[in-house]
Amino acid sequence: DPLSEAAATRYASVTLGELLSSGGDTRLFLKDGVNKYFCPPFPVPGAISRGSCTSSPPTKLGYDNAKKVWDLIATRAESPAVVETEMAAVRARLAAALALPEGTAVVLAASGTDAEYVPLAVARELHPSCRITSLLAAAEEVGSGCTEACAGAYFDPSVPYSSEKRVKGAKMSGFE
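Residues numbered from 1 in each chain as written. Predicted model: local features only at pLDDT ≥ 70, side-chain atom pairs only at ≥ 80, totals over all residues. Heavy atoms only, no water.

**Regarding the overall build of the chain**
Next, step 1: Scanning the chain for helices and strands turns up seven helices and zero strands.
Next, step 2: The buried share among the 176 residues of the chain stands at 25%.
Next, step 3: The long-range share in the chain, meaning contacts at least 24 apart out of those at least 6 apart in sequence, stands at 39%.
Next, step 4: For the chain, the accessible surface area stands at approximately 11800 Å², while carbon and sulfur atoms represent 61% of it. (Helix = DSSP H or I, 4+ residues; strand = E, 2+ residues; numbered from the N terminus. Buried < 20%, exposed > 50% of the residue type's maximum accessible area, 1.4 Å probe, protein only. Contact = heavy atoms within 4.5 Å. Areas by Shrake-Rupley, 256 points an atom, 1.4 Å probe, with all protein chains shown as cover.)

Below, the structure written as structure tokens:
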């Protein structure tokens, strides 16, 4: 069982703010209570929310809804399927809201930079022996790590859910 009793206890004791600022790259790391973009992992009354998922604090509505789901997951942490069930529900709601055709896959990514890996992974899966070329339009208008991510390279020394550091710019396995 991947979730031991100790892990289940830890999940139950983690606050949503701690969860929102963990498990990712250095953009999420908190210093003096704020991330790289000077945003805390909780709502800020009166804050102007921008469009970027990494440079705005969560809205009260978003935070409150995330808290409800996190509380559900934390109380049922013995079952890893709880997280997948909740994520499947998010994907289904997005597909319905966008009126996507039946069978269309919805892929969730932590940020636009992380999303750059998605077409590379799909292309590699569909054409494992072919050379892949990925174009990044308006590189000066996107996240600072998009150039590396678009090339199948690490854009940050920290990667989700791993304490092992990576070399920024080094190719990821499968994209050499």
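**Description of the environment of proline 58**
Next, step 1: Position of proline 58 among the secondary structure elements: in the loop between α2 (16–20) and α3 (60–75).
Next, step 2: Accessibility expressed as a relative area gives 23% for proline 58, which makes it partly exposed.
Next, step 3: Expressed as a C-alpha distance, the spacing of proline 58 and proline 41, which sit 17 residues apart in the sequence, is 6.8 Å.
Next, step 4: Once residues within four sequence positions are removed from consideration, proline 58 is found in contact with Leu20, Pro40, Pro41, Phe42, Pro43, Val44 and Tyr63.

**Points about the environment of valine 69**
Next, step 1: Note on placement: valine 69 falls in helix α3.
Next, step 2: The spacing of valine 69 and valine 82 is 13 residues in sequence and 9.8 Å in space, taken between C-alpha atoms.

**Focus: α3**
Next, step 1: The end-to-end C-alpha separation of α3 is 22 Å, in line with the 22 Å expected for 16 residues at 1.5 Å each.
Next, step 2: Every buried residue of α3 is accounted for by Tyr63, Trp70, Ile73 and Ala74. End-on view of α3: buried residues confined to an arc of 90°, all on one side of the axis. Away from its buried face, by an angle of more than 90 degrees, α3 presents the exposed residues Leu61, Lys68 and Thr75. (Expected span 1.5 Å × (residues − 1). Arc of directions from axis to C-beta.)

**Examining helix α4 (residues 81–97)**
Next, step 1: The first and last C-alpha atoms of α4 sit 24 Å apart over 17 residues, in line with the 24 Å expected at 1.5 Å per residue.
Next, step 2: Looking one or two places after α4, you find alanine 99, whose phi comes out positive at around 50°.

**Regarding the nonpolar core**
Generally speaking, nonpolar side chains in soluble globular proteins are found buried as a group.
Next, step 1: Listed in full, the eight residues of the largest apolar core are Tyr117, Leu120, Ala149, Tyr154, Phe155, Val159, Met172 and Phe175.
Next, step 2: Among all residues touching phenylalanine 155, those that are not within four sequence positions of it are Asp25, Arg27, Thr113, Asp114, Tyr117, Gly145, Glu148, Ala149 and Lys168.
Next, step 3: Core analysis: the second largest hydrophobic core is formed by seven residues, Val14, Tyr63, Trp70 and Val82 among them. (Core = buried A, V, L, I, M, F, W, Y, C linked by side-chain atoms within 4.5 Å.)

**Some thoughts on the side chain of serine 111**
Next, step 1: With respect to the element layout, serine 111 can be found in the loop between α4 and α5 (112–115).
Next, step 2: Engagement of the side chain of serine 111 in a polar contact is seen with the side chain of arginine 27, the distance being 3.2 Å.
Next, step 3: In this structure the side chain of serine 111 is engaged in a polar contact, spanning 3.3 Å, whose partner is the backbone nitrogen of threonine 113. (Polar contact = N/O pair within 3.5 Å; in protein donor to acceptor, adjacent residues only side chain to side chain.)

**Describing the pattern of salt bridges**
Next, step 1: A full pass over the atoms with the stated rule returns five salt bridges.
Next, step 2: With a shortest N-O distance of 3.1 Å, arginine 27 and aspartate 114 are connected by a salt bridge. Taken together, the positions of arginine 27 in the loop between α2 and α3 and aspartate 114 in helix α5 put the pair 87 residues apart, joining distant regions of the chain. Assigned by exposure class, arginine 27 and aspartate 114 land together as buried.
Next, step 3: Between arginine 91 and glutamate 84 there is a salt bridge whose closest N-O contact spans 3.2 Å.
Next, step 4: Relative accessible area serves as the criterion here: at 26%, arginine 91 is assigned to the partly exposed category.
Next, step 5: One network of salt bridges, with partners in common, ties together Asp25, Arg27 and Asp114. (Salt bridge = Lys/Arg side-chain N within 4 Å of Asp/Glu carboxyl O.)

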